[in-house]
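In case you want the letters, here they are:
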Amino acid sequence: MSLQNPVFIPGPTNIPEALRKACDMPTIDHRSSVFPQILQPALAGVKRVLKTEAGEAIVFPGTGTGGWEAAISNTLSPGDKVLAANFGMFSAKWIDMCRRHGLEVQVVEAPWGAALPVATFAEILAADTGHEIRAVLATHNETATGVRSDIAGLRAAMNAADHPALLFVDGVSSIASMDFRMDEWGIDVAITGSQKGFMLPAGLAIVAVSRKAVAAMERATLPRFYFDFRDMLAMNPASGYPYTPVVGLLNGLKASIEMLEAEGLDAVFARHAHIADGVRVAVGAWGLRFCAIAPDARSDTVTAIVLPDGIDGNAFVAHAETRYGTSFGAGLGAVAGKVFRIGHLGQLSETQALAGIATAEMVLADLGVDIALGSGVAAAQGVYRSAVKGHGSARAAA
Ligand SMILES: *Cc1c(COP(=O)(O)O)cnc(C)c1O
């Protein structure tokens, strides 16, 4: 890859220059008076971005996967039953993690490309009158398939069934690029990582926990130490940390939130919706199919595109990288080789998106896909010349 080009992978995302500088710090004594000025604004900012006032933000060294582990190990006990759907690589891996922790996972199999099967979850939860299901796992934005799921709808289904299970939401590829409402959606543990919507290097597992999750923590018996919520919640208010904090990245997180809030969260979400619209019309102009089955489930942060038969998704990614120095996302798991993905989360402008669309077009043509060069670019230009639409509440609810 060329370091001059933006990446079009759905994480890690492009790092704005100001955030690279914010992460680059001399050694900070984390027991000095400097550290609270970094940690406290970072934690308060995470709560604003995740839209929680009732919950607490906790930031571990780690990545999104560490956030999954923190969610389950802090709130559950061996043998506990959890409900999850297998509808993409990330939801599948979280299920695997639960099993390796000795949890009993009730898995709803859904097509890769479908959204989280809320109606099936609703039936299962309504039938679980003994409340054996202790937690419901949901991947808000399945990065492998480019599918957004309806977390508000899932919460409504849990409420309709009057089910007390905890709700854990993987927002790794949605948070800070798409609307996310922890309190309104009744989320008990929300999870992301630093290298996606927060536009930072990898290295932080960013979570927020509800009061209900904190109460569950006292009863949970799964072993945990490094990712123990209790140590963080006890020490963070006085800016203590149970081990050496990743100070540079935390300073980057503080700066990232300042950058997001300077643009305005709604404007950030509208920008992503607008950029995604351009990518989607380009795919339409190429005559290619989306991996996401339902149009309204198409993600605003990543588009997974199905290649015609005989065209290998891995060959697409390899050619883009070697010939044009540009990285796109490969297909993962069940859709490996069948799709390629254009990541458009985090720091991205219309101009950058056009470069990605134009490059993807050249790669498609080079591989012999029957497309007209310029067709996708022209379609996207049509979108990008129009004003950014307001951040509609109908979409926001999804
Ligand atoms: C990237 C991603 C993860 C994994 O996060 P890591 O930071 O790589 O551990 C989990 N879930 C989703 C939806 C993701 O996009």
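Counting from 1, residues in each chain are numbered in the order their sequence is written. Predicted model: local features are reported for residues with pLDDT of at least 70 only, side-chain atom pairs are reported and counted for 80 or more only, and whole-chain, interface and lining totals are derived from all residues. As a rule here, side-chain values come from all non-hydrogen atoms in the structure, and water together with hydrogens is ignored.

Trainee: In this structure, what is going on with unusual backbone geometry? I would like to understand it.
Mentor: What is expected of a backbone is that most residues other than glycine have negative phi and most peptide bonds are trans. Residue Pro12 is bonded to the preceding Gly11 through a cis peptide linkage, with omega at -5°. A helix here means a DSSP run of H or I that spans at least four residues, while a strand means a run of E at least two residues long, and both kinds are numbered starting from the N terminus. Inspection of the secondary structure puts Pro12 in the segment before helix 1 (17-23). Positive phi is not limited to glycine here, since Ala176 has a value of about 80°. Tracing the backbone shows Ala176 in the loop between strand 7 (166-170) and strand 8 (189-193).

Trainee: I tried to follow the pattern of salt bridges on my own but got confused; where do I start?
Mentor: Opposite charge on two side chains lets them pair, provided their charged atoms get close. We define a salt bridge as a contact between a side-chain nitrogen of Lys or Arg and a carboxyl oxygen of Asp or Glu at a distance within 4 Å. For the coordinates displayed, the defined rule picks out 13 salt bridges. Put simply, Arg48 and Glu261 hold a salt bridge, and the shortest N to O gap is 2.7 Å. Here the residue Arg48 occupies a position in helix 2 (residues 36-50), and Glu261 occupies one in helix 9 (residues 247-263), the gap between them amounting to 213 residues. Of the charged contacts, one joins Lys51 and Asp179 as a salt bridge, the two residues approaching to 2.7 Å between their closest N and O atoms. Of the two residues, Lys51 sits in the loop between helix 2 and strand 1 (56-62) while Asp179 sits in the loop between strand 7 and strand 8, which places them 128 residues apart along the sequence. Exposure remark for Lys51: the relative accessible area of 29% places this residue in the partly exposed category. Among the charged side chains, a salt-bridge network with shared partners connects Lys51, Asp179, Arg181 and Glu184. Classification of residues uses two cut-offs on accessible area relative to the type maximum, computed with a 1.4 Å probe and protein chains only: under 20% is buried, over 50% is exposed, and between them is partly exposed.

Trainee: I'm lost on the sheet that holds strand 9 (residues 203-209) in this one. Help?
Mentor: Working definition: the strands of a sheet are paired by backbone hydrogen bonds and lie parallel or antiparallel to each other. Two strands pair if DSSP finds at least two bridges between them. Within the open sheet, the seven strands sit side by side as 1-9-8-7-4-2-3. Their pairing is mixed. Of all the strands in the sheet, the pair left with one neighbour each is strand 1 and strand 3 (104-109). Between one strand and the next, the sheet's axes are offset by a mean angle of 20°, whatever the strand orientation. Pairing of strand 4 (residues 133-139) with strand 7 involves five bridges; the strand directions are parallel. Within strand 7, the position partnered with Ala138 by the bridge is Val169. Here the axes come from fitting lines to C-alpha atoms, over the contacting stretch only for helices, and the angles between their N-to-C directions go from 0 to 180 degrees.

Trainee: What is the right way to look at the nonpolar core in this model?
Mentor: A general tendency of soluble globular proteins is for nonpolar side chains to be buried together. In this description, a nonpolar core means a group of buried Ala, Val, Leu, Ile, Met, Phe, Trp, Tyr and Cys residues linked to one another through side-chain atoms lying within 4.5 Å. Of all hydrophobic cores here, the largest spans 92 residues; its most connected members are Phe60, Val136, Phe168, Phe198 and Leu253. Between two residues, a contact is recorded if the distance between any of their heavy atoms is within 4.5 Å. Sequence-distant contacts of Val136, defined by excluding residues within four places in its chain, comprise Leu83, Phe121, Leu125, Leu154, Met158, Ala165, Leu166, Leu167 and Phe168. Phe8, Val283, Ile371 and Val377 belong to the second-largest nonpolar core, a separate cluster that totals 30 residues.

Trainee: Looking at this model, I keep getting lost on the domain arrangement of the protein chain. Mind explaining?
Mentor: As a measure of interface size, the accessible area lost when the parts come together is often cited. For the domain bounds, the source is a domain assignment made automatically or taken from a database. Its domain assignment divides the protein chain into domain 1 (17-262) and domain 2 (264-397). Domain 1 and domain 2 are separated by 27 Å when their C-alpha centres are compared. Counting residues at the interface gives 32 residues for domain 1, matched by 28 residues for domain 2. Of all residues in domain 1, Trp112, Arg148 and Ser177 bury the most surface against domain 2, accounting for 26% of the area lost on that side. Where Arg148 meets Asp300, a salt bridge forms, and the shortest distance between an N and an O atom there is 3.3 Å. Pairing of N or O atoms within 3.5 Å defines a polar contact, subject to two protein rules: one partner must be a possible hydrogen donor and the other a possible acceptor, and residues neighboring in sequence count only if both atoms are side-chain atoms. Where domain 1 packs against domain 2, one counts 13 residue pairs in polar contact (both at pLDDT 80 or more). Buried area: the sum, over both parts, of the accessible surface (1.4 Å probe) that disappears when the two are put together.

Trainee: So what exactly am I meant to see when it comes to the packing of helix 3 (residues 64-75) against helix 4 (residues 89-100) here?
Mentor: If you want to describe how two helices pack, look at the angle between their axes and the distance between the axes. Contact geometry of helix 3 with helix 4 gives a least axis separation of 11 Å together with a crossing angle of 45°. Judged on the interaxial angle alone, helix 4 and helix 3 are oblique. The handedness of the crossing between helix 3 and helix 4 is right-handed. For the pair helix 3 and helix 4, contact is made by Thr65, Trp68, Glu69 and Ile72 and by Phe90, Lys93, Trp94, Met97 and Cys98, respectively. Oblique is the label for any angle not covered by the other classes, which are roughly parallel (under 35 degrees), roughly antiparallel (over 145) and roughly perpendicular (65 to 115). Whether a crossing is left-handed or right-handed is set by the direction in which the near helix is turned from the far one by less than a right angle, anticlockwise for left-handed and clockwise for right-handed.

Trainee: Is there a simple way to explain the site of the ligand in this structure?
Mentor: Any residue with a heavy atom positioned within 4 Å of a molecule or strand is treated as near that molecule or strand. Thr63, Gly64, Thr65, Trp68, Phe90, Asn141, Thr143, Asp170, Val172, Ser173, Gln195 and Lys196 make up every residue found near the ligand. Separating an oxygen atom of the ligand from a side-chain N or O atom of Thr143 is a distance of 2.4 Å. For the ligand, an oxygen atom lies 2.7 Å from a polar atom in the side chain of Lys196. Per-residue and other accessible areas follow the Shrake-Rupley method at a 1.4 Å probe size, with only the shown protein chains counted as cover for residues. For the ligand, whose accessible area on its own is 380 Å², the fraction buried by protein is 89%. Among the elements that make up the shell around the ligand, the one with the highest residue count is helix 3 (three residues). Residue polarity is assigned by list, with Asp, Glu, Lys and Arg as charged and Ala, Val, Leu, Ile, Met, Phe, Trp, Tyr, Cys and Pro as nonpolar; anything else, Gly included, falls into the polar class. Residues that form the shell around the ligand fall into these classes: three nonpolar, seven polar and two charged.

Trainee: Is there a simple way to think about the layout of surface pockets in this case?
Mentor: Where empty space is left becomes clear once a probe the size of a water molecule has been rolled over the atoms. Here the largest pocket is characterised by a volume of approximately 300 Å³. Within this scheme a cavity is a closed region of a 1 Å grid, computed over the protein atoms alone, that accommodates a 1.4 Å probe without allowing it to escape, whereas a pocket is open but has protein on both sides within 12 Å along at least five of seven lines; lining residues each have an atom within 4 Å of a point. The wall of the largest pocket is formed by 13 residues, among which Met1, Leu3, Asn5, Val7 and Asn14 lie closest to the centre. Grid points are joined across faces, edges and corners, and a volume is the space filled by probe spheres set on the points.

Trainee: Help me out: how do you make sense of helix 4 in this one?
Mentor: Residue pairs three or four apart in sequence face the same way in an α-helix, which turns once every 3.6 residues. Between its first and last C-alpha atoms helix 4 spans 17 Å; for 12 residues at 1.5 Å apiece the expected length is 16 Å, and the two agree. Among all positions in helix 4, only Ser91, Trp94, Ile95, Met97 and Cys98 are buried. Each buried residue of helix 4 sits inside an arc of 160° when the element is viewed along its axis, so together they form one side. Expected span, for any helix, means 1.5 Å times one less than how many residues it has. When we speak of the arc, we mean the arc of directions from the helix axis to the C-beta atoms.

Trainee: Could you clarify how one ought to interpret the pairing of strand 7 in this entry?
Mentor: Regular strands have side chains that alternate between both faces of the sheet. Most of strand 7 sits out of view: five of its five residues are buried. Of the two faces of strand 7, the one lined by Leu166, Phe168 and Asp170 and the one lined by Leu167 and Val169 are each fully buried. Bridge count between strand 7 and strand 8: three bridges; the pairing is parallel. Counterpart to Asp170 in the pairing with strand 8 is Ile191.

Trainee: Explanation requested: the environment of Asp80 in the structure shown.
Mentor: Turning to its location among the elements, Asp80 is positioned in the loop between helix 3 and strand 2 (81-86). On the accessibility criterion, Asp80 (14% relative accessible area) is buried. Dropping the residues within four chain positions of it, Asp80 is found in contact with Leu103, Glu104 and Arg134. There is a polar contact of 2.8 Å between the side chain of Asp80 and the backbone nitrogen of Ser77.

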